[in-house]
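# Commentary on secondary and tertiary structure
Letter by letter, the chains look like this.
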Amino acid sequence: MKKLSHAICAAAAVLALGLAGCASDSSKSQSVGEYAGDAGLTAKVKTAIATDVGARTAAGVNVETYKGTVQLSGFVDSQDQATRAADAAKKVDGVRSVKNDIRVK
């Protein structure tokens, strides 16, 4: 019985050390829930842009999301389309900020 409790303690210590070695900088990684939330936001932003600016314009806009920050890139025909795409993204619930890197052709 005593050997079993020592083995359990040793296994717990090894497990704890192993988990500590896997710790990462939380500012550079995402949990599964955060990743899924960002994927959902990306889909909502794409839909909002397609609805507001038009499907043709939305096809030229790339949307990436990381921890609620949306980055828009790609090419559109006018500055008005770029501005409207960013405005549509900002209106999506859950979006913390928008980086508009869309360029006019």
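Structural data are supplied above this passage.
Notes on the structure follow.

As a further point, take the sheet that holds strand β3 (residues 97–104). One open sheet accounts for three strands, arranged β1-β2-β3; its pairing is mixed. The open sheet has two free edges, formed respectively by β1 (61–66) and β3, since each of these has just one partner strand. Within this sheet the neighbouring strands show an average axis-to-axis angle of 10°, counted without direction. Where β1 meets strand β2 (residues 69–76), six bridges bridge the pair, whose relative direction is antiparallel. Within β2, the residue paired with Tyr66 across the bridge is Thr69.

Enumeration over the complete set of coordinates arrives at four salt bridges. Here Arg84 ties to Asp52 by a salt bridge, and the two come within 3.5 Å at their closest N and O atoms. Here Arg84, found in helix α4 (residues 79–90), pairs with Asp52, found in helix α2 (residues 32–52); they are 32 residues apart in sequence, far enough to count as distant. For Arg84, a relative accessible area of 32% gives the class partly exposed. With its nearest N and O atoms 3.5 Å apart, the salt bridge here joins Asp77 to Lys105. Taken as a pair, Asp77 in the loop between β2 and α4 and Lys105 in the segment after β3 lie far apart in primary sequence, 28 residues in all. Judged by relative accessible area, Asp77 falls into the partly exposed class, the value being 39%. With relative accessibility at 67%, the residue Lys105 sits in the exposed group.

What follows deals with the environment of Lys105. In this structure the C-alpha to C-alpha distance between Lys105 and Phe75, which are 30 residues apart in sequence, comes to 5.9 Å. With sequence-adjacent residues up to four places away left out, Lys105 is seen in contact with Phe75, Val76 and Asp77. Of the polar contacts made by the side chain of Lys105, one reaches the side chain of Asp77; its length is 3.5 Å.

On to the side chain of Asp38, then. Its location among the elements puts Asp38 in helix α2. Only 2.5 Å separates the side chain of Asp38 from the backbone nitrogen of Lys67, close enough to count as a polar contact. For Asp38, the side chain forms a polar contact with the main-chain nitrogen of Gly68, separated by 3.1 Å.

Its identity as a non-glycine residue notwithstanding, Lys67 has a phi of 50°, on the positive side. Counting through the fold element by element, Lys67 comes out in the loop between β1 and β2. Taking relative accessible area as the criterion, Lys67 reaches 23% and is therefore assigned partly exposed.

On to the nonpolar core. Judged by nonpolar contacts, the single largest core of 19 residues is most densely connected at Val45, Ile49, Val61, Val63, Leu72 and Ile102. Of the residues forming this core, the biggest block, five residues, is contributed by α4. Those residues in contact with Val61, other than ones at most four positions away along the chain, are Ile49, Leu72, Ser73, Val76 and Ile102.

What counts and what doesn't
- Residues numbered from 1 in each chain as written.
- Predicted model: local features only at pLDDT ≥ 70, side-chain atom pairs only at ≥ 80, totals over all residues.
- Heavy atoms only, no water.
- Pairing = 2+ DSSP bridges.
- Helix = DSSP H or I, 4+ residues; strand = E, 2+ residues; numbered from the N terminus.
- Axes fitted to C-alpha atoms, helices over the stretch in contact; angles between N-to-C directions.
- Salt bridge = Lys/Arg side-chain N within 4 Å of Asp/Glu carboxyl O.
- Buried < 20%, exposed > 50% of the residue type's maximum accessible area, 1.4 Å probe, protein only.
- Contact = heavy atoms within 4.5 Å.
- Polar contact = N/O pair within 3.5 Å; in protein donor to acceptor, adjacent residues only side chain to side chain.
- Core = buried A, V, L, I, M, F, W, Y, C linked by side-chain atoms within 4.5 Å.

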